[in-house]
Amino acid sequence: MSLRHAVLGLLAERPASGYDLMKRFESSLSNVWPATQSQVYGELGKLATAGLLTVAAEGPRGRKEYAITEEGRAELHHWLIETEPERFRRSEVLLRVFFLGSVSRFEAHTYLELEAARSDRFHEVLKDLEGSVEWGDDQMSVYGRLALEYGLRQTAMQAEWARWAARQI
């Protein structure tokens, strides 16, 4: 997934300013695909130049509201339906686990216990997010809830795995 497609996907729901998009990122995508303000604003410019977005309205102090174009919807559809998701994952956590034999057993065990605690904390963040969102039957709620559930299950599994791995040492 790219930031390009994340922005298109959010704007497919409804037009938004860069500020509004950042708020949507923080409340929905930040756990899946985080982005900084400079990245989002830069991507908005690139997408507009490419004809995938248009400036739908301009407000005070240079505020621009962007809307997805038909070309943008076609690009989003192509990406969703016709391209294979990238399945290669890099995990610094697992890379470190692979090399834990280079430290003492105590340090390796401690590292894994800390990973379990980190996963637990992130799981709690996701649970708090789940409770703070006003879920409806709109598309962003339905599919956002599915993505959030993936995160909840993944963080629970990561914590369980790290505890299991610590017991193996």
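Rules of the game
- Residues numbered from 1 in each chain as written.
- Predicted model: local features only at pLDDT ≥ 70, side-chain atom pairs only at ≥ 80, totals over all residues.
- Heavy atoms only, no water.
- Pairing = 2+ DSSP bridges.
- Helix = DSSP H or I, 4+ residues; strand = E, 2+ residues; numbered from the N terminus.
- Axes fitted to C-alpha atoms, helices over the stretch in contact; angles between N-to-C directions.
- Parallel < 35°, antiparallel > 145°, perpendicular 65-115°, else oblique.
- Left-handed = near helix turned anticlockwise from the far one by under 90°.
- Nonpolar A, V, L, I, M, F, W, Y, C, P; charged D, E, K, R; others polar.
- Phe/Tyr/Trp six-rings, centres within 6.5 Å; stacked < 30°, edge-to-face > 60°.
- Buried < 20%, exposed > 50% of the residue type's maximum accessible area, 1.4 Å probe, protein only.
- Polar contact = N/O pair within 3.5 Å; in protein donor to acceptor, adjacent residues only side chain to side chain.
- Contact = heavy atoms within 4.5 Å.

### Quick word on the pairing of strand β3 (residues 64–68)
Consideration 1: One ladder, built from two bridges, connects strand β1 (residues 16–17) with β3; its direction is antiparallel. Within the sheet, the bridge partner assigned to A16 lies in β3 and is Y66.
Consideration 2: Alignment of strand β2 (residues 53–58) against β3, held across five bridges, turns out to be antiparallel. For T54, the partnering residue across the bridge sits in β3 and is A67.

### With respect to the packing of helix α6 (residues 105–132) against helix α7 (residues 139–168)
Consideration 1: The geometry of α6 relative to α7 is characterised by a closest axis approach of 8 Å and an angle of 160 degrees between their N-to-C directions. Taken as axis vectors, α6 and α7 run roughly antiparallel relative to one another. As α6 packs across α7, the resulting crossing turns out to be left-handed.
Consideration 2: Looking at the contact of α6 with α7 residue by residue, the class counts come to 13 nonpolar, six polar and seven charged.

### Section: the packing of aromatic side chains
For any pair of aromatic rings, the description consists of the separation of the ring centres together with the inter-plane angle of the planes.
Consideration 1: Counted by the stated rule, this structure contains one aromatic pair.
Consideration 2: Residues F98 and F99 carry aromatic rings whose centres are separated by 5.2 Å and whose planes lie at 85 degrees to one another, so their mutual orientation is edge-to-face.
Consideration 3: Residue F98 is classed as exposed on the basis of its relative accessible area of 66%.
Consideration 4: Among the residues examined, F99 registers a relative accessible area of 48% and is labelled partly exposed.

### Quick word on the side chain of E115
Consideration 1: Note that E115 resides in helix α6.
Consideration 2: Given a relative accessible area of 12%, E115 falls into the buried group.
Consideration 3: There is a polar contact of 2.5 Å between the side chain of E115 and the side chain of R118.
Consideration 4: The contacts of E115, once residues within four sequence positions are left out, are V93 and A162.

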